[in-house]
Amino acid sequence: MLKTNNVYFFDSVEFEEIIHYYIDSGKNSLAKKAIKLGLRQHPNSILLKLLQAELMIFDGEYDVASSLLRELQAIEPTNEEIYVQQASILSKKDNHQGAINSLKIALVYTDDEADILSMIGMEFLYLDNFEEARVSFAKCLEVDFEDYSSLYNVIYCFDMQNKHEEAIEYINNYLNKDPYSEVAWHQLGRQYFIVENYSEALRAFDYAVLIDEYFVGAYLEKAKTLEQLKEYKEAIENYKITIDLDDPTSFVFLRIGECYENLNKTSLAIQYYKKAVHEDPLLDKGWLAITQLIIAKGDYNKALFYINKAIEIDDKNSLYWRKYAEINLKLNFFEETVKAFENCIFLEDFDIAIWVGLGDVLCYLGDFEDALKNLLKAKKYFNDFCEVDYRLSCIYYMYKNYNKGEEYLRNGLSIDFEYHIVIKDLFPEIFKLKEVTDIINEFKNTSL
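Quick look at the structure, then. These figures come from a predicted structure and were not determined experimentally.

Conventions we followed
Residues numbered from 1 in each chain as written. Predicted model: local features only at pLDDT ≥ 70, side-chain atom pairs only at ≥ 80, totals over all residues. Heavy atoms only, no water. Phe/Tyr/Trp six-rings, centres within 6.5 Å; stacked < 30°, edge-to-face > 60°. Helix = DSSP H or I, 4+ residues; strand = E, 2+ residues; numbered from the N terminus. Buried < 20%, exposed > 50% of the residue type's maximum accessible area, 1.4 Å probe, protein only. Lys NZ or Arg CZ within 6 Å of the ring centre and 35° of its normal. Axes fitted to C-alpha atoms, helices over the stretch in contact; angles between N-to-C directions. Parallel < 35°, antiparallel > 145°, perpendicular 65-115°, else oblique. Contact = heavy atoms within 4.5 Å. Nonpolar A, V, L, I, M, F, W, Y, C, P; charged D, E, K, R; others polar. Expected span 1.5 Å × (residues − 1). Arc of directions from axis to C-beta. Disulfide = S-S within 2.5 Å. Salt bridge = Lys/Arg side-chain N within 4 Å of Asp/Glu carboxyl O. Lys, Arg positive; Asp, Glu negative; His and termini not counted. Core = buried A, V, L, I, M, F, W, Y, C linked by side-chain atoms within 4.5 Å. Patch = residues over 30% accessible without salt bridge, like charges linked within 9 Å, V, L, I, M, F, W, Y side chains within 5 Å. Areas by Shrake-Rupley, 256 points an atom, 1.4 Å probe, with all protein chains shown as cover.

**Here we look at the packing of aromatic side chains**
Counted by the stated rule, this structure contains 19 aromatic pairs. Judged by centre distance (5.4 Å) and plane angle (85°), the ring pair of Trp321 and Tyr324 falls under edge-to-face. Taken together, the positions of Trp321 and Tyr324, both in helix H19 (residues 318-330) and 3 residues apart, correspond to about one turn of that helix. Take Trp321 and Tyr324: they sit in the same class, and that class is buried. Taking 4.5 Å as the distance between ring centres and 45° as the angle between the ring planes, the aromatic pair formed by Phe334 and Tyr364 counts as tilted. In this pair, Phe334 is assigned in helix H20 (residues 334-346) and Tyr364 in helix H21 (residues 352-364), connecting sequence segments 30 residues apart. The class for Tyr364 is exposed, based on a relative accessible area of 60%. The rings of Phe253, Tyr260 and Tyr272 are connected pair by pair, giving a single aromatic cluster. For the cation-ring pair, Lys224 lies above Phe193, with the distance from its terminal atom to the ring centre recorded as 5.7 Å. Over the aromatic face of Tyr272 sits the side chain of Lys275, whose NZ or CZ is 4.5 Å from the ring centroid.

The structure is reproduced here in structure tokens:
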């Protein structure tokens, strides 16, 4: 008809099937043409007008669609589809309570209660009303016991409310009715895992894979549980099963690598970490894992290569800059070490070790002015930490500011007398000063 402009008669149901075909295929322009032709032949068809309204909603023509739906409601007030579409418009306008009210009217007239209840549940989720959402999804399961989508949503609501014990009770009741539901056993295992009852979690995942030996998700969760139980060899076996059943993922390779690392099999751990980053080159955690094992081997040049890979992916991660500083310090690349510590501070990682490390490296480079500035900043965050006071004292003594030097030295000694040995390690010349030794001896005699 479209190609030849010839007019053939189709029943309204046939037009409906054609329109649904085009909508499902994503060919909305052809669906609109089919609606136009259909309404010419069947101008009073409610079904075709509802499809017309659906396409209007899809195109964002909410006001026109609402007007059409009100007309249809006046003609056929018991048609649940009218209320469903009105709810769709209200939901898209963020009027979720209005959508719920409309869907409740649809619920009165529908033969498919589960579908409407599921929609109501989703609207409650938009409102973050997890209690009401859970009730709606639970009602779906009462209508259709094998509606696993609703089961997942019920558990999701429990999760969002941190009601894990209640979730466990709910799933156990579900399993009393259907003990062969691998999905329910899997969800039960997840809940036990969250509450750290790993033995019960393992039992649940065992049932899930016994019922369905191809259940990849259950094998993954079982492996994670075995890790928590420190059964690393068994965990590796289960992770490898997922590789046999499905395409390998970087996550699985990473977990296997960590298991081998826990078994002190470093070469195998590195092998699997490399597989992880080969599968996903943007997996910064994989590059970090390799870096840490290479550091343990003392190969700092190679470690520097790997940590640079992690930083290229995420240069806002303070942990990576810490590792970068550690490696460069071992390689005596002090300028790069300073850059790393400064990036940590820029990223608001205000650990005392970073401030002190930066101060020490700057002093080693002879940049005492910058060291002083940074240690004074550190003092604002760490007022009662002798690590900062002793270093400030030494720098002030270097600048011949004996008053400030004495002030910070006394602060440091009053906080932790024993730690004053750091002066001898970092500033041996300052440690020999009579002014310094006199104050230290004064505190020593006082403590005796």
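Additional details are given in the paragraphs that follow.
**What about unusual backbone geometry?**
Residue Asp128 is not a glycine yet carries a positive backbone phi of 60°. Checked against the element boundaries, Asp128 lands in the loop between helix H7 (113-126) and helix H8 (130-143). Backbone geometry at Glu196 places phi at a positive 65°, although glycine is not the residue there. For Glu196, the position within the fold is in the loop between helix H11 (182-194) and helix H12 (198-211). Residue classification places Glu196 among the exposed residues on the basis of a relative accessible area of 58%.

**Considering the packing of helix H3 (residues 46-58) against helix H5 (residues 80-92)**
One way to put it is that H3 packs onto H5 with a least axis distance of 11 Å and a crossing angle of 10°. Taken together, the axes of H3 and H5 lie roughly parallel to each other. Two secondary-structure elements touch here, H3 through Leu50, Ala53, Glu54 and Ile57 and H5 through Glu81, Ile82, Gln85, Ser88, Ile89 and Lys92. A breakdown of the residues in the contact of H3 with H5 according to their chemical character gives 5 nonpolar, 2 polar and 3 charged.

**Regarding H20**
Count 3.6 residues to each turn of an α-helix, and residues three or four apart come out pointing the same way. In this model, H20 (13 residues) spans 18 Å end to end at C-alpha, consistent with the 18 Å of a helix rising 1.5 Å per residue. Listed in full, the buried residues belonging to H20 are Phe334, Thr337, Val338, Ala340, Phe341, Cys344 and Ile345. Each buried residue of H20 sits inside an arc of 160° when the element is viewed along its axis, so together they form one side. Of the exposed residues in H20, those oriented more than 90 degrees away from the buried face are Glu335 and Phe346. Elements that come into contact with the buried residues of H20 comprise H19 and H21. Downstream of H20 by a residue or two, Glu348 has a phi angle that is positive, lying close to 65°.

**Digging into the state of the cysteines**
Counted under the stated rule, the structure contains 0 disulfides. Of all cysteine sulfurs, the one in Cys140 lies closest to Cys157, which takes part in no disulfide; the gap is 11 Å. For Cys157, a relative accessible area of 0% gives the class buried. Among the cysteines around Cys363, which has no disulfide bond, Cys394 carries the closest sulfur, lying 8.6 Å off.

**Examining helix H15 (residues 250-262)**
Taking 1.5 Å as the rise per residue, H15 with 13 residues should run 18 Å; its terminal C-alpha atoms sit 18 Å apart, in good agreement. When we look at burial in H15, the residues that qualify are Ser250, Val252, Phe253, Leu254, Arg255, Ile256, Gly257, Cys259 and Tyr260. Residues of H15 that are buried sit in contact with helix H13 (216-228), helix H14 (232-245), helix H16 (266-279) and helix H17 (284-297).

**Focus on the pattern of salt bridges**
Applying the stated criterion across every chain, the model contains 22 salt bridges. The salt bridge involving Glu131 is made with Arg134; its shortest N-O contact spans 2.4 Å. Of this pair, Glu131 and Arg134 both sit in helix H8, separated by 3 residues, roughly a single helical turn. Judged by relative accessible area, which is 30%, Glu131 ranks as partly exposed. Classification of Arg134 by relative accessible area gives buried; the value is 15%. Residues Arg391 and Asp360 are paired through a salt bridge, measuring 2.7 Å at the closest nitrogen-oxygen approach. A residue pair is termed long-range when its members are at least 10 positions apart, and Arg391 in helix H23 (residues 386-398) and Asp360 in helix H21 qualify at 31 residues. Since its relative accessible area comes to 5%, Arg391 is described here as buried. What you see here is one network of salt bridges that share partners, running through Glu131, Arg134 and Lys163.

**Quick look at the side chain of Asp178**
Mapped onto the elements of the fold, Asp178 is located in the loop between helix H10 (164-177) and H11. Nearest to the buried, unbridged Asp178 among oppositely charged side chains is Lys177, at 11 Å. For Asp178, the contacting residues outside a window of four places in its chain are Phe145 and Tyr148.

**Some words on the nonpolar core**
Formed by 78 residues in total, the largest nonpolar core has its most connected members in Ile307, Ile327 and Leu409. One finds Phe124, Phe130, Tyr198 and Phe205 within the second-largest nonpolar core, a separate group that totals 41 residues.

**As for a nonpolar patch on the surface**
A cluster of nonpolar side chains, Tyr180, Tyr207, Leu210 and Ile211, forms an exposed patch at the surface whose accessible area comes to about 460 Å². Take Leu210: it is sitting in helix H12. When its relative accessible area of 66% is taken as the criterion, Leu210 is described as exposed.

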